Amino acid sequence: MQNPLLQTFTTKYQSAPFNDIKEEHFLPAFQELIKISEKEIDEIVNNKEEPSFENVIEALAFSGEKLEVVSGIFFNLNSAETNDEIQKIAQEVSPLLTEFSAKISQNLPLFEKIKKVFDEKEKYNLNEEQQMLLNETYKGFVRSGALLNDADKEKFKNISIELSKKSLQFGQNVLAETNNYFKHITNEKELVGIPEAILEQYREEAKERNLDGFVVTLQYPSFLPLMSYAENRELRKELALANGKKSFQNNEFDNQNLIKEIISLKQEKAKLLGYENYADYVLEERMAKSPVQVKSFLNELLEKAKPYAEKEIEELKKLAKADGIEEMESYDHAFYAEKLRKQKFDIDDEELKPYFHLEKVQEAVFGLAKTLFGLEFKETTEIQKYHEEVKTYEIFEDGKFKALLYADYFPRKGKRAGAWMTSFRSQSIKNGENIRPHISVVCNFSKPTADTPSLLTFQEVTTLFHEFGHALHGVLANTTYPNLSGTSVKWDFVELPSQFLENYCYEPEFLKTFAKHYQTGEVLPDEKIQKISDSKNFMEGYQTLRQIGFGILDMGYHTNAEKVGDIKTFEVEETKATNLYPSNPETVMSTSFSHIFQGGYSAGYYSYKWAEVLDADAFQYFKENGIFNPEIAAKYKILLSSGGTKDPMELYKNFRGSEPKVESLLKRAFG
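Right, let's walk through the structure included here. Numbers given to residues run from 1 along each chain, matching the order in which its sequence is written. Reporting in this predicted model follows two pLDDT cut-offs: at least 70 for local features of residues, and 80 or more for side-chain atom pairs to be given and counted; totals over whole chains, interfaces and linings ignore these cut-offs and use all residues. Hydrogens and water molecules were not included; the side-chain quantities draw on all heavy atoms of the structure.

### Overview of the overall build of the protein
Point 1. A count of helical and extended segments in the protein gives 27 helices and nine strands.
Point 2. A compact globule built from 671 residues would reach a C-alpha radius of gyration of about 26 Å, and the protein, at 25 Å, matches this within 12%.
Point 3. Taken along the three principal axes of its C-alpha coordinates, the protein extends 80 × 60 × 55 Å.
Point 4. The contact rule is simple, with two residues in contact once any of their heavy atoms fall within 4.5 Å. Long-range pairs, those at least 24 residues apart, make up 73% of the contacts in the protein between residues at least 6 apart in sequence.
Point 5. Carbon and sulfur atoms form 47% of the exposed surface of the protein, whose accessible area is close to 28600 Å².
Point 6. When charges are counted, Lys and Arg are positive and Asp and Glu negative, with His and the chain ends excluded. Lys charges are placed at NZ, Arg charges at CZ, Asp charges at CG and Glu charges at CD. Of the charged side chains in the protein, 83 are positive and 108 negative, and the gap between their average positions amounts to 1 Å. Each helix is a run of DSSP H or I of at least 4 residues and each strand a run of E of at least 2, with the numbering of both proceeding from the N terminus. Throughout, radius of gyration means the C-alpha value; the globule benchmark is 2.2 Å times the number of residues raised to the power 0.38. All accessible-area figures derive from a Shrake-Rupley calculation using a 1.4 Å probe, and residue coverage is judged against the displayed protein chains alone.

This is how it looks when you write it as structure tokens:
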């Protein structure tokens, strides 16, 4: 039987042949492709010609292409459409890939050739992108243990393998805990305050489980509306506890020991390479450069934001007190914040949702990409999909194919929570051919029901724009080497394009083009658009403190690994300066903090706030000159298409004419 993953894809644009792929194809494909990739490395090492940029650095950059594509397919499925079998394969495949990666990075004859080219780089007359590739390749090898002795290389490899397994396990535990909980309610009186559209969603969920009444889950589109609208305080408490206990219940899915093992392994890895701690190791390769700078940045924001946050919480406490609540808890926050928002701006999510039909919001984001960057989107049925709910689009620029887009918007049992952008194939230029990328945007929005289409909260609108900002970074990529393409940039720069695009959601002239009632076609009234604009900074102090808290906690784990004893105690201690509510002994955030223990944000969570400074400053430039200004959009397009070919600060200055100013963020957030 032929394995489709090992054949040349004959699908349109050589897209993933999902209809032919079965789970049993993955492991043999990985095993075979690792062998093929190893042969490619051997050819580089055994080449008798004098080492050169072309036969070493460039050859290495283009090696393992097919393995990269199959890895993209597999790990995207593991996030968006997983099952027990895929998770089991992931536990087998991850160590194989880590071992393969370690084998390359610790291949001494290969490194000697890289070092020779690196040491003699002056003679090659390299362009800027080639210089960046050479520097990144050399550094990448050194940071992966190439200069270690044999015993330490072996240690480094084993640590990396263990980390890949444990990170996967962390995510699988969180997914299991999310899926295992649901609240079945038969008495509608328990759900007083919850809008009818959300009740309908809960009814549909119950029907899917062959139950009467209503079912609430810990999936975001189910959980958040309950926390925001349910007058039943006990019910809010129960759901908040269930959510806060994820992987913190001393059961088979508990992540407490896993956290300690993960940070201890990371610390050991950093020490082997001569760093004080894992954060030092990570930040050497970021715009922020050091933990000292990150902590200073977070503390500066904390100092500015805390008075605003405390004032906001005092307002909420007054509302709660009027309801007889003497001691407000964290599970009261969303409910009273929604109440206050309605009071201040006479606006609530459920009232706005009919104006944000998912299809229209998507059209708007496509339209914005056309206005700014000249991109055209066309839905196609000729691309195979991994799930029937996924929609596929061809993207064109000046009539030429630019990229493929997969849009996957609704929660499923096999999909992890949250929203993300990823790719099935990177962009690169090889043998004169510009290989265009295959990009995917994955979200968890409310599904359409029998009576209504998918309607978004305003926060979900901004989420779609956020992920689409990442997607544009991939779509517009135009670099020679795949490892410098699209979102392959310094981690604290990667959130600039996503957060930048969110700004458009608050601009009245743009909102009017798509915020239309799904039944009547009526444009969202001016006063409501004004209120959205006015409410942009609502609870900004609280949200800023929350993000700073996550950033500080992340830094804590990755600078003080040896001081982590009890997870709950450590978390409370690290975040006490940012906590505005009493801590509940039954809940902890760390055990489901997938960004840093499963995703790529270890010692990098601060980058959301860091990139906010960049995005506020960048959008300020547009605001001063017109939000659709074609000249500035053209300069911004260069920034996006350049990927990681230049130092990010240099890229930013080329676009803006100056370094970003923290004042731009403070002005936007607090006036």
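### Comments concerning the environment of Gly-599
Point 1. If you trace the backbone, Gly-599 turns up in the loop between helix 23 (594-597) and helix 24 (607-625).
Point 2. Burial classification: accessible surface area is computed with a 1.4 Å probe over protein chains only, and a residue below 20% of its type maximum counts as buried, one above 50% as exposed, and the rest as partly exposed. Residue class for Gly-599 comes out partly exposed when judged on its relative accessible area of 41%.
Point 3. Spatially, the C-alpha atom of Gly-599 lies 8.0 Å from that of Ser-167, the residues being 432 residues apart in sequence.

### Some words on the pattern of salt bridges
Point 1. Every case where a carboxyl oxygen of Asp or Glu lies within 4 Å of a side-chain nitrogen of Lys or Arg is listed as a salt bridge. Tallied over the entire structure, the rule returns 54 salt bridges.
Point 2. Residue Glu-99 is joined to Lys-157 by a salt bridge in which the shortest nitrogen-to-oxygen separation is 3.5 Å. Placement of Glu-99 in helix 4 (residues 84-105) and of Lys-157 in helix 7 (residues 150-180) is noted, with a sequence separation of 58 residues between them.
Point 3. The class for Glu-99 is partly exposed, based on a relative accessible area of 32%.
Point 4. Lys-321 serves as the salt-bridge partner of Glu-326, at 3.9 Å between the closest nitrogen and oxygen. Lys-321 matches Glu-326 in its accessibility class, with the two residues each being exposed.
Point 5. Connected through salt bridges with shared partners, the residues Glu-81, Glu-389, Asp-408, Arg-412, Lys-415 and Lys-447 form a single ionic network.

### With respect to the packing of helix 25 (residues 630-641) against helix 26 (residues 648-656)
Two quantities define a packed helix pair, namely the angle between the axes and the distance from one axis to the other.
Point 1. Lines fitted to C-alpha atoms define the axes here, with helix axes fitted over just the stretch in contact, and angles between the N-to-C directions of these axes take values from 0 to 180 degrees. Between helix 25 and helix 26, the least distance of the axes is 9 Å, while the angle of their chain directions is 170 degrees. Considering their axes alone, helix 25 and helix 26 lie roughly antiparallel with respect to each other. Contacts between helix 25 and helix 26 involve Ile-632, Lys-635, Tyr-636 and Leu-639 on the former and, on the latter, Leu-651, Tyr-652, Asn-654 and Phe-655.
Point 2. Across the contact of helix 25 with helix 26, the residue classes tally to six nonpolar, one polar and one charged. Throughout this description, any angle smaller than 35 degrees is read as roughly parallel, any larger than 145 degrees as roughly antiparallel, any in the 65 to 115 degree range as roughly perpendicular, and the remainder as oblique. Amino acids are sorted into nonpolar (Ala, Val, Leu, Ile, Met, Phe, Trp, Tyr, Cys and Pro), charged (Asp, Glu, Lys and Arg) and polar (every other residue, Gly among them).

### Thoughts on the side chain of Asp-492
Point 1. Following the sequence through the fold, Asp-492 ends up in the loop between helix 17 (458-475) and helix 18 (496-502).
Point 2. Distance and chemistry together define a polar contact, namely a pair of N or O atoms within 3.5 Å, with one atom able to donate a hydrogen and the other to accept it when in protein, and with adjacent residues in sequence counting only for side-chain atoms on both sides. Only 2.6 Å separates the side chain of Asp-492 from the side chain of Tyr-606, close enough to count as a polar contact.

### Some points on the nonpolar core
Point 1. Among the nonpolar cores identified, the biggest contains 141 residues, and Phe-356, Phe-465, Phe-468, Tyr-504, Tyr-557 and Phe-622 are the most heavily contacted of them.
Point 2. Examining the composition of this core, we find that eleven residues originate from one element, helix 13 (residues 291-322), more than from any other.
Point 3. Not counting residues within four places of it along the chain, the set of residues in contact with Tyr-504 comprises Leu-368, Leu-372, Phe-510, Phe-619, Phe-622, Ile-627 and Phe-628.
Point 4. To qualify as a nonpolar core, a set must consist of buried Ala, Val, Leu, Ile, Met, Phe, Trp, Tyr and Cys residues joined through side-chain atoms within 4.5 Å. Phe-18, Ala-29, Phe-118 and Tyr-481 belong to the second-largest nonpolar core, a separate cluster that totals 58 residues.

### What to know about the pairing of strand 9 (residues 438-442)
Point 1. Most of strand 9 is tucked away, with five of its five residues classed as buried.
Point 2. Of the two faces of strand 9, the one holding His-438, Ser-440 and Val-442 and the one holding Ile-439 and Val-441 are both buried throughout.
Point 3. Note on pairing: two strands pair once DSSP finds at least 2 bridges between them. With five bridges joining them, strand 5 (residues 400-408) and strand 9 adopt parallel strand pairing. Along strand 9, the bridge assignment pairs Ala-407 with Val-441.

### Looking at the sheet that holds strand 9
Point 1. Taken together, the five strands give an open sheet; going across it, the order is 3-4-5-9-6, and neighbouring strands pair in mixed fashion. What marks the edges here is a single partner per strand, and that holds for strand 3 (375-380) and strand 6 (420-425). On average, each strand axis in the sheet is tilted by 30 degrees relative to the strand beside it, whichever way the strands run.

### Some details on the layout of surface pockets
Point 1. The pocket and cavity definitions rest on a 1 Å grid over protein atoms only: a 1.4 Å probe that fits but cannot leave marks a cavity, an open set with protein on both sides within 12 Å along at least five of seven lines marks a pocket, and residues lining either have an atom within 4 Å of a point. Grid points are joined across faces, edges and corners, and a volume is the space filled by probe spheres set on the points. Of the voids in this model, the second largest pocket is the one considered here, and its volume is about 830 Å³.
Point 2. In terms of lining residues, the second largest pocket is bounded by 36 residues, among which Asn-179, Arg-209, Gln-219, Arg-412 and Lys-413 are the most central.
Point 3. For the lining of the second largest pocket, the secondary structure elements donating two or more residues are helix 4, helix 7, helix 8 (196-208), strand 2 (214-217) and helix 9 (220-229).
Point 4. No other element matches helix 7, which puts eight residues into the lining of the second largest pocket.
Point 5. Of the residues that constitute the lining of the second largest pocket, the class distribution is ten nonpolar, 17 polar and nine charged.

### A closer look at the pairing of strand 6
Point 1. Burial analysis of strand 6 places five of its six residues in the buried class, which makes it a mostly covered element.
Point 2. Of the strand pairs in this sheet, strand 6 and strand 9 are connected by five bridges, and their pairing is antiparallel. Looking at strand 9, one finds that Thr-422 is bridged to Ser-440.

### Brief notes about the side chain of Asn-277
Point 1. Considering the arrangement of structural elements, one finds Asn-277 in the loop between helix 11 (256-272) and helix 12 (278-283).
Point 2. Its relative accessible area of 7% is what places Asn-277 among the buried residues.
Point 3. Within the structure, Asn-277 has its side chain in polar contact with the backbone nitrogen of Asp-280 (distance 2.8 Å).
Point 4. Not counting the four nearest positions on each side in its chain, Asn-277 is found in contact with Gln-267, Ala-270, Pro-291, His-558 and Thr-559.

### So, the packing of helix 5 (residues 108-119) against helix 6 (residues 128-143)
Point 1. Their axes nearest at 10 Å, the elements helix 5 and helix 6 cross at an angle of 140 degrees. The orientation of helix 5 relative to helix 6 falls into the category oblique. The hand of the helix 5/helix 6 crossing is left-handed. Between helix 5 and helix 6, the contacting residues are Leu-110, Phe-111, Ile-114, Lys-115, Val-117 and Phe-118 on the first element and Leu-134, Asn-135, Thr-137, Tyr-138, Phe-141 and Val-142 on the second.
Point 2. In the contact of helix 5 with helix 6, the residues fall into nine nonpolar, two polar and one charged. What makes a crossing left-handed is the near helix being turned counterclockwise from the far one by less than a right angle; a clockwise turn instead makes it right-handed.

### Some thoughts on the packing of aromatic side chains
Each aromatic ring pair is described using two quantities: the centre-to-centre distance and the angle formed by the ring planes.
Point 1. Stacked, edge-to-face and tilted labels apply to pairs of Phe, Tyr and Trp rings (six-membered ring for Trp) whose centres lie within 6.5 Å, assigned for plane angles under 30 degrees, over 60, and everything in between, in that order. Scanning the entire structure with this criterion turns up 57 aromatic pairs.
Point 2. Their ring planes at 80 degrees and their centres at 5.0 Å tell us that Phe-74 and Phe-75 sit as a pair that is edge-to-face.
Point 3. Look at Phe-75 and you get partly exposed, because its relative accessible area is 26%.
Point 4. When the ring of Phe-118 is compared with that of Tyr-138, the centres are 3.9 Å apart and the planes differ by 5 degrees; the resulting orientation is stacked. Of the two residues, Phe-118 sits in helix 5 while Tyr-138 sits in helix 6, which places them 20 residues apart along the sequence. Side by side, Phe-118 and Tyr-138 carry an identical accessibility label, which is buried.

### Here's the deal with a negative patch on the surface
Point 1. On the surface, Glu-24, Asp-84, Glu-85 and Glu-92 cluster together into a negatively charged patch.
Point 2. Sorting elements by how many residues they give to the negative patch places helix 4 first, with three residues.
Point 3. Examined against the element boundaries, Asp-84 turns out to sit in helix 4. Residues enter patches when their relative accessible area tops 30% and they take part in no salt bridge; the joining distance is 9 Å for like charges and 5 Å for the nonpolar side chains Val, Leu, Ile, Met, Phe, Trp and Tyr.

### Some points on helix 26
Point 1. Every buried residue of helix 26 is listed here: Pro-648, Leu-651, Tyr-652, Phe-655 and Arg-656. Axial view of helix 26: buried residues confined to an arc of 115 degrees, hence all on one face.
Point 2. On its buried face, helix 26 is in contact with helix 18, helix 24 and helix 25.
Point 3. The opening residue of helix 26, the one whose side-chain oxygen lies 3.1 Å from the backbone nitrogen of Met-649, is Asp-647.
Point 4. A positive backbone phi angle near 90 degrees is found at Gly-657, which sits one or two residues after helix 26. It is the directions from the helix axis to the C-beta atoms that the arc portrays.

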